[in-house]
Amino acid sequence: MTHVTQGDGGLQRERTRLAWQRTALGVVLGCAVLMLAAIRAREEGVVWASGTVGVLTALAAAFAASRGWVHGTPTPWRLLAPTAGAVMVLAILGAVSAVVRTLT
Amino acid sequence: MSDRDEPPPAHEPPPRRQPERRPESVYGVGDDPDVRFSLANERTALAWIRTGVGLVGGGIALTSFAAFADLSTVLDVVAACACLGGGVLALYALIAWRRNERAIRLRLPLPPPSALPALVIGLVVFAVAIAGYALWSGSTR
């Protein structure tokens, strides 16, 4: 078993932290786009749902950044699963929004 | 008797217990690998999630623009497909992370990125559909 605890010439932790930040930013921006589109289309349910997902993602990202980040605590799964879940919720809302426009 | 052989003082706190790591199906097998491999696997999963976010964002933008410009409902169908494809990629990110982490821990060869051909084909179909719509709407104007 080997661990990179000294040096870290590849800046692995920083790169991973930045990858998390980019992902959170992408999710929040996606929520913002969907919310603006839903406001325009007067789809109140989608507005609230996308707004909630966006705010929760932003709060989680801010909380994670303020705590600092240590690999393995918690395990990536504890963060990956909710993030992927947020994207899936966003995908379903977007698809529903598009289908509703097709039908109306 | 050397210092090394002395028992620890009685007042010394017991060693901190390692918190249980989940999922058990990943961390219950094999050995901890070089942390660089785990971090690279984590970044790969995040890259898949961002690809999914991109597809979802593109779909939302497309359906919004179609509604704004009063374009054909064909675009809404394409947008719905893009959104659902993005959701599937986010799910794939989780599955691939778990699969790769298990392989790394068990010192097995990494499985191939099975979603990559599907993503490429999907993007080509998406591009052809949009290009076809552009040509069709241009010829009927």
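Above: the structure in question.
Residues numbered from 1 in each chain as written. Chains lettered and ligands numbered in written order. Predicted model: local features only at pLDDT ≥ 70, side-chain atom pairs only at ≥ 80, totals over all residues. Heavy atoms only, no water.

A. Structural detail: the overall build of chain B. When you go through chain B residue by residue, the secondary structure sums to four helices and zero strands. The secondary structure elements of chain B, listed N-terminal to C-terminal, are α-α-α-α. Residue burial in chain B is summarised as follows: out of 141 residues, 37% are buried. Look at the contacts in chain B between residues 6 or more apart in sequence, and 71% of them connect residues 24 or more apart. Here chain B has roughly 8,600 Å² of accessible surface; of this, 65% comes from carbon and sulfur atoms. (Helix = DSSP H or I, 4+ residues; strand = E, 2+ residues; numbered from the N terminus. Buried < 20%, exposed > 50% of the residue type's maximum accessible area, 1.4 Å probe, protein only. Contact = heavy atoms within 4.5 Å. Areas by Shrake-Rupley, 256 points an atom, 1.4 Å probe, with all protein chains shown as cover.)

B. Geometry of helix α4 (residues 115-139) of chain B. Residues and elements named next belong to chain B. With 25 residues, α4 extends 36 Å from end C-alpha to end C-alpha; this agrees with the ideal 36 Å at 1.5 Å per step. What α4 keeps buried is the set Ala 115, Leu 119, Tyr 133 and Ser 137. In this fold, the buried residues of α4 make contact with α2 (35-68) and α3 (73-105). (Expected span 1.5 Å × (residues − 1).)

C. Representation of the interface of chain A and chain B within the structure. On the chain B side, the residues contacting the 38 residues of chain A number 39 residues. Note on chain A versus chain B: buried area summed over both sides is about 3,500 Å², and carbon and sulfur give 74% of it. Here chain A is connected to chain B by zero salt bridges. Elements that contribute at least two residues to the side of chain A that touches chain B include exactly α1 (12-41) and α3 (76-103) of chain A. The greatest single-element share of the side of chain A that touches chain B, amounting to 16 residues, is contributed by α3 of chain A. (Buried area = accessible area lost by both parts, 1.4 Å probe. Salt bridge = Lys/Arg side-chain N within 4 Å of Asp/Glu carboxyl O.)

D. Examining a nonpolar patch on the surface more closely. Taken together, the side chains of Leu 116, Val 120, Val 124 and Val 128 of chain B make up a nonpolar region of the molecular surface, amounting to roughly 340 Å² of accessible area. Structurally, Val 124 of chain B can be placed in helix α4. (Patch = residues over 30% accessible without salt bridge, like charges linked within 9 Å, V, L, I, M, F, W, Y side chains within 5 Å.)

E. Highlighting the pattern of salt bridges. Tallied over the full model, the rule gives three salt bridges over all chains. Glu 43 of chain A serves as the salt-bridge partner of Arg 101 of chain A, at 3.9 Å between the closest nitrogen and oxygen. Taken as a pair, Arg 101 of chain A in helix α3 and Glu 43 of chain A in the loop between α1 and α2 (44-67) lie far apart in primary sequence, 58 residues in all. Measuring nitrogen to oxygen at the nearest pair gives 2.7 Å for the salt bridge that ties Asp 32 of chain B to Arg 105 of chain B. Taken together, the residues span a long stretch of sequence, with Asp 32 of chain B in the loop between α1 (24-27) and α2 and Arg 105 of chain B in helix α3 at a distance of 73 residues. By relative accessible area, Arg 105 of chain B is classed as buried at 4%.

F. Layout of unusual backbone geometry. In this structure, Arg 42 of chain A is a non-glycine residue whose phi angle is positive, near 60 degrees. Examined against the element boundaries, Arg 42 of chain A turns out to sit in the loop between α1 and α2. Within the chain, Arg 107 of chain B stands out as a residue other than glycine whose phi angle is a positive 60 degrees. With respect to the helices, strands and loops of the structure, Arg 107 of chain B is situated in the loop between α3 and α4. Overall, the relative accessible area of 52% leaves Arg 107 of chain B in the exposed class.

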